[in-house]
Amino acid sequence: PHRQPSLPSQTLPPPPHNPPSLMSTAQQRGGTSASESVNPAQEKQLVALEGKDPTCATFVIKKEDHTLGNVLRYLIQKNERVEMCGYSIHHPSDEKVHLRIQTLPSKNSELGLDCRTALKDSLEMLEGICDHMSEVFDKSSVESKVENI
């Protein structure tokens with residue numbers, strides 16, 4: 001029978017946390033790279049990829065995940081003038097939500113709803129929900145403190 005030759009065992013050092021080859025030169029020196037020095041307030045968080053008309057568009061929301069994507073999809077879909085709303089995150093390490101909205105076409109411009117308005121309405125609704133939850137939480141926190149005294 002043929003035997004495989006045995007290799008001498010070696011003790012290898014553990015790999016570095018951030019291998020230098022994967023870090024920028026500025027990061028290796030302890031500084032920040034040019035892309036990191038951009039003011040976050042100046043970077044657009046929401047980009048609209050317009051469709052063929054105002055009734056369909058895809059919005060890319062940067063630095064967000066399923067938490068916001070699923071809530072927005074739910075709130076937008078509740079609007080009776082929205083035909084379809086869905087979201088996707090193309091890759092787990094990608095911090096971008098792609099939100100697709102398609103509203104019902106209407107011959108009467110008063111009944112029609114453009115995608116931007118549908119998104120804006122749902123964001124305002126979400127803001128109201130968060131404000132209400134915050135008020136209820138604050139009120140219950142004060143009441144529980146009073147009961148515990």
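Summarised in this report is the structure supplied together with it. Being a predicted model, the structure only gives us computed values, none of them experimental.

Now for the overall build of the chain. A tally of regular secondary structure across the chain gives three helices and four strands. Each helix and strand of the chain, ordered N terminal to C terminal, gives the series α-β-β-α-β-β-α. Taken over 149 residues, the chain has a buried fraction of 19%. Considering only contacts in the chain between residues 6 or more positions apart, those separated by 24 or more positions represent 47%. As presented, the chain carries roughly 11,900 Å² of accessible surface, and 55% of it is formed by carbon and sulfur atoms.

Looking at chain direction, strand E1 (residues 46-50) and strand E2 (residues 56-62) are connected through five bridges and run antiparallel. If you follow Val47 over to E2, its bridge partner there is Val60. Where E1 hands over to E2, the hairpin turn is made up of five residues, counted between the paired strands.

On to the environment of Cys115. When you line up the elements, Cys115 lands in helix H3 (residues 115-148). Residues Cys115 and Gly51, 64 residues apart in the sequence, show an inter-C-alpha distance of 9.7 Å. Those residues in contact with Cys115, other than ones at most four positions away along the chain, are Pro54, Thr55, Cys56, Ala57, Phe59, Ile101, Gln102 and Thr103.

Residues Phe59, Leu72, Ile76, Leu99, Ile101 and Leu119 are the most contacted members of the largest nonpolar core, which totals 18 residues. Taken together, the elements giving at least two residues each to this core come down to E2, helix H2 (66-77), strand E3 (82-88), strand E4 (96-103) and H3.

On inspection of all chains with the given rule, the structure shows one salt bridge. The residue Glu124 makes a salt bridge to Lys120 at a minimum N-O spacing of 3.3 Å. Pair noted here: Glu124 and Lys120 are both in helix H3, with a separation of four residues, about one helical turn. For Glu124, a relative accessible area of 42% corresponds to the partly exposed category.

Strand order in this open sheet of four strands is E1-E2-E4-E3, and the pairing throughout is antiparallel. A strand with exactly one partner marks an edge of an open sheet, and here the two such strands are E1 and E3. The mean angle between the axes of side-by-side strands here comes to 20 degrees, regardless of whether they run parallel or antiparallel. Across the sheet, H2 touches E2, E3 and E4, and the angle it forms with E3 is around 175 degrees.

Take unusual backbone geometry next. Only a minority of non-glycine residues have a phi that is not negative, and only a minority of peptide bonds are not trans. Residue Lys63 is not a glycine yet carries a positive backbone phi of 60 degrees. Tracing the sequence through the fold places Lys63 in the loop between E2 and H2. Exposure remark for Lys63: the relative accessible area of 47% places this residue in the partly exposed category.

Let's shift gears to the environment of Val47. Turning to its location among the elements, Val47 is positioned in strand E1. Between the alpha carbons of Val47 and His98 there is a distance of 9.6 Å; along the sequence they are 51 residues apart. The residues touching Val47, leaving out its near neighbours within four places in the chain, are Thr58, Phe59, Val60 and Lys62.

Analysis parameters
Residues numbered from 1 in each chain as written. Predicted model: local features only at pLDDT ≥ 70, side-chain atom pairs only at ≥ 80, totals over all residues. Heavy atoms only, no water. Helix = DSSP H or I, 4+ residues; strand = E, 2+ residues; numbered from the N terminus. Buried < 20%, exposed > 50% of the residue type's maximum accessible area, 1.4 Å probe, protein only. Contact = heavy atoms within 4.5 Å. Areas by Shrake-Rupley, 256 points an atom, 1.4 Å probe, with all protein chains shown as cover. Pairing = 2+ DSSP bridges. Core = buried A, V, L, I, M, F, W, Y, C linked by side-chain atoms within 4.5 Å. Salt bridge = Lys/Arg side-chain N within 4 Å of Asp/Glu carboxyl O. Axes fitted to C-alpha atoms, helices over the stretch in contact; angles between N-to-C directions.

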